[in-house]
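Below, each chain spelled out in residue letters.
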Amino acid sequence: MDLFADALPALLDAFALIFHPQQLMFLVLGVLLGLSVGVFPGLGGIAGLSLVLPFIYGMEPVSGLALMVGLVAVIPTSDTFASVLMGIPGSSASQATVLDGFPLAKKGEAARALSAAFASSLFGGLLGACFLTFFILIARPIVLAFGLPEMLMITILGLSMVAILAGRIPLKGVAAACLGLMVGTIGEADAGGSLRMSTYDVPYLTDGLKLVIVGMGIFAIPEIISLLRQDRAIAKDAKLGAGWLKGVRDWWENLWLSIRCALIGVVVGVIPGLGGSVVDWIAYGHTVQTASDKKRFGSGDIRGVIGPESSNNAKEGGGLVPTLIFGIPGSGSMAIFIGGLLLLGYDAGPQLITNNLDITYTTVWSLALANVVGAGLCIALSPAIARLTTIRFTLLAPFLFMMITFAAFQSGQSLGDLLALFAVGLLGIFLRRFDWSRPAFLIGFVLSMQAENYSFQAYQIARSKFRASMGSGLEYIFSPIVLVLIVITVISIVIGIRQAKSIMSEGDVPVGRKRAPLIFLVSVTIYFIISYFNAAAITIQTDRIFPMTVSLIGALSCLVLLIRMIRAPDTDTIFADREASGEDAEAPHGLWLTMGWFASLLVLSSLVGFILALAVFLVVFIRVRAQCSWVKTLVLTAAGIGLICLMGGALHRDFPPGLLQEFVDLPWPLRGI
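Please read these numbers as outputs of a predicted model, since none were measured by experiment.

**Comments concerning the packing of helix α21 (residues 438–468) against helix α22 (residues 470–477)**
Where α21 meets α22, the axes come as close as 7 Å, and the angle between the chain directions of the two elements is 155°. Comparing their axes, α22 and α21 come out roughly antiparallel. Counted together, A458, I461, A462, K465 and F466 of α21 and M470, S472, G473, L474, Y476 and I477 of α22 form the full contact between these two elements. Class assignment of the residues belonging to the contact of α21 with α22 gives a composition of 8 nonpolar, 2 polar and 1 charged.

As structure tokens, this is what we get:
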């Protein structure tokens with residue numbers, strides 16, 4: 001009772017602080033900044049908070065807090081624009097939205113998808129805040145109950161979503177997830193520091209591949225290339241659909257789904273390091289599992305938008321629990337948020353709740369209010385912004401290439417980022433073409449590091465406890481929370497396998513001949529075999545067990561698929577190939593020539609720097625490929641360069657330099673770094 005007696009006055013004080021005109025002004029300013037940053041794929045909360053941190057120092061504490069919270073809250077809402085309109089995950093929190101949101105946009109229902117997403121995000125944010133208002137008082141013992149075995153089981157639960165997202169051939173999903181896990185192990189192992197799959201004198205690979213690059217390469221590049229080949233608008237009929245009112249009605253009709261997914265978002269968001277990367281996949285998997293009709297998922301089911309979007313905003317509230325209570329950042333943006341709190345004079349941790357409970361509640365309800373303002377603005381703007389889908393895609397593609405190249409470079413500030421983006425983009429094209437689950441691959445990549453770390457650390461502790469006594473070891477491994485998570489995971493896998501034939505995670509893919517799918521499968525199998533022997537050569541046992549195990553499972557899955565391919569007729573679904581028939585096969589422009597345009601931008605950037613390369617690329621592309629007049633070409637080129645320079649200057653971001661910059665001292669922005 002004492003807790004609630006202290007909480008009520010603190011909550012009233014928080015509302016008085018939040019609704020002060022000055023704090024509202026800074027909250028709205030933060031929301032506007034978050035909207036501006038969030039619509040650009042690959043930037044997200046870390047870039048946005050990094051932008052405002054220099055201005056936080058010296059501000060009145062509550063004003064600075066309102067500015068930061070407003071910015072953080074709206075990112076998971078505004079990044080939906082890129083996911084739905086362009087098929088580009090705006091951030092890790094909106095990856096699952098692409099699966100059904102983008103097909104809806106291609107059907108001419110972009111406004112409907114956007115408004116349903118924003119209504120779901122608004123509801124998720126508000127429900128998360130309400131839940132956290134009470135949960136934050138009892139969160140400490142609950143969060144402390146999650147040890148390493150529990151964290152490992154949450155990670156395995158995320159991987160179990162592969163069963164739901166694998167499509168018609170579950171074994172393909174397993175192989176794709178293993179491939180993602182193996183790509184995630186590239187670089188230096190955390191436990192012993194051994195180099196894995198980067199021992200070939202490639203310093204860039206030492207730190208592994210970044211999520212921004214992998215996410216855009218797997219999802220964005222294949223979709224951009226596919227649409228560019230067809231030389232039409234994103235929406236076939238150039239219609240906006242029923243607009244935002246229908247989307248809001250869709251959300252209302254699926255209110256119970258939205259509630260469940262929002263609660264999933266809060267609970268998973270509480271667990272440090274997992275929320276942003278996996279919560280939308282868990283919510284999407286739950287959405288598919290509980291649906292009576294699953295045939296439309298992956299080809300434009302509005303429920304596939306409502307579920308993930310309800311969870312990702314609620315997750316932001318959940319992420320505040322470990323951040324505020326323990327000073328443990330729940331994500332990269334929360335790490336920057338803690339730095340901002342320090343600048344404002346607050347030390348995140350138990351003392352914040354003990355001494356500044358009003359500030360804690362101010363943060364929680366500022367987050368809720370920012371969701372209301374942000375979602376309201378997005379809903380109002382969605383019909384106008386959805387008109388982007390009616391523009392001829394050839395005019396949008398060069399600017400999308402510009403944005404993803406710029407965003408990819410920010411992850412490591414290296415030209416290797418551009419090469420990695422192109423390589424992962426090629427892999428994404430093949431995965432899409434042969435109907436290998438791209439979501440399964442991305443889930444594997446995202447969870448690779450924590451799966452290895454949690455399993456290693458839990459193993460070390462369990463071994464010491466088993467040495468003490470068998471009972472102590474079993475009690476540590478099979479805690480009540482672990483047992484519950486095991487049951488949920490097993491149910492998820494069983495349901496996923498049983499329903500696999502009725503789920504098409506990326507739509508219906510035509511069947512082709514044996515040769516091309518067989519060559520790709522053999523290539524993946526060879527990669528797993530090389531990975532296995534590469535890991536086996538590592539002398540430190542702790543660094544080789546995980547990659548050896550995963551590569552062995554992946555290789556065995558591929559071998560089973562290979563046997564099935566040899567025995568199956570050409571009409572078997574295992575030979576799915578988008579180039580066999582349909583839109584891709586009938587596209588007026590070839591795959592490799594279209595990919596060559598993107599490659600030319602990357603090659604030119606490495607030679608003369610990004611801005612000079614961009615100028616040449618935009619002029620040639622718009623004039624030759626889009627066949628625009630010289631006046632329109634020059635105007636669009638100037639607009640593109642002006643936009644990217646404005647972004648780079650405002651966000652204090654560098655551009656990729658080329659060989660030219662090593663010999664000639666050029667002014668900004670031509671010099672890149």
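**Comments concerning the packing of helix α27 (residues 591–608) against helix α28 (residues 610–625)**
Describing two packed helices takes the angle between their axes plus the distance from one axis to the other. For the pair α27 and α28, interaxial distance at closest approach is 7 Å and the crossing angle is 150°. Judged on the interaxial angle alone, α28 and α27 are roughly antiparallel. For the pair α27 and α28, the crossing hand works out as right-handed. Contacts between α27 and α28 involve W597, S600, L601, L604, S605 and V608 from the first element and F610, L612, A613, L614, V616, F617, V620, F621, V624 and R625 from the second. Of the residues assigned to the contact of α27 with α28, the class counts are 13 nonpolar, 2 polar and 1 charged.

**Observations concerning the environment of I611**
Note on placement: I611 falls in helix α28. Separated by 60 residues in the primary sequence, I611 and R671 have C-alpha atoms spaced 8.5 Å apart. When residues no more than four places from it in sequence are discounted, the contact partners of I611 are I641, I644, C645, F655, P669 and L670.

**Here we look at the packing of aromatic side chains**
Tallied over the entire structure, the rule returns 16 aromatic pairs. A ring pair is formed by F123 and W251, whose centres lie 5.5 Å apart and whose planes are at 55°; its orientation type is tilted. In this pair, F123 sits in helix α7 (residues 110–144) while W251 sits in helix α12 (residues 244–253), placing the two residues 128 residues apart along the sequence. Judged by its relative accessible area of 13%, W251 is buried. Plain terms: the ring middles of F430 and F434 are 6.4 Å apart, the flat faces sit at 5° to each other, and that makes the pair stacked.

**Some remarks on the side chain of S194**
You can see S194 is positioned in the loop between β1 (187–188) and β2 (195–196). Classification of S194 by relative accessible area gives buried; the value is 11%. In this structure the side chain of S194 is engaged in a polar contact, spanning 2.7 Å, whose partner is the side chain of D543. Those residues in contact with S194 that sit more than four places away from it in its chain are G187, E188, A189, I538, I540 and D543.

**Focus: the nonpolar core**
Within soluble globular proteins, side chains that are nonpolar generally end up buried alongside one another. Counting residues in each nonpolar core, the largest one holds 96 residues, and the members touching the most others are F401, W436 and I644. Broken down by element, this core gets its largest block of residues, 14 residues, from helix α19 (residues 393–412).

**Some remarks on a nonpolar patch on the surface**
Residues F466, M470, L474, F478 and L483 make up a contiguous nonpolar surface patch of about 460 Å² in total accessible area. Relative to the helices and strands, F478 is located in the loop between α22 and α23 (480–498).

**Focus on the side chain of R229**
With respect to the secondary-structure elements, R229 resides in helix α11 (residues 211–230). Relative accessible area serves as the criterion here: at 5%, R229 is assigned to the buried category. Within the structure, R229 has its side chain in polar contact with the side chain of E579 (distance 2.8 Å). Non-local contacts of R229, meaning those with residues more than four positions away in its chain, are made with E579, D584, A587, P588, H589, G590, L591, T594 and R625.

Scoring rules and cut-offs
- Residues numbered from 1 in each chain as written.
- Predicted model: local features only at pLDDT ≥ 70, side-chain atom pairs only at ≥ 80, totals over all residues.
- Heavy atoms only, no water.
- Axes fitted to C-alpha atoms, helices over the stretch in contact; angles between N-to-C directions.
- Helix = DSSP H or I, 4+ residues; strand = E, 2+ residues; numbered from the N terminus.
- Parallel < 35°, antiparallel > 145°, perpendicular 65-115°, else oblique.
- Contact = heavy atoms within 4.5 Å.
- Nonpolar A, V, L, I, M, F, W, Y, C, P; charged D, E, K, R; others polar.
- Left-handed = near helix turned anticlockwise from the far one by under 90°.
- Phe/Tyr/Trp six-rings, centres within 6.5 Å; stacked < 30°, edge-to-face > 60°.
- Buried < 20%, exposed > 50% of the residue type's maximum accessible area, 1.4 Å probe, protein only.
- Polar contact = N/O pair within 3.5 Å; in protein donor to acceptor, adjacent residues only side chain to side chain.
- Core = buried A, V, L, I, M, F, W, Y, C linked by side-chain atoms within 4.5 Å.
- Patch = residues over 30% accessible without salt bridge, like charges linked within 9 Å, V, L, I, M, F, W, Y side chains within 5 Å.
- Areas by Shrake-Rupley, 256 points an atom, 1.4 Å probe, with all protein chains shown as cover.
- Salt bridge = Lys/Arg side-chain N within 4 Å of Asp/Glu carboxyl O.

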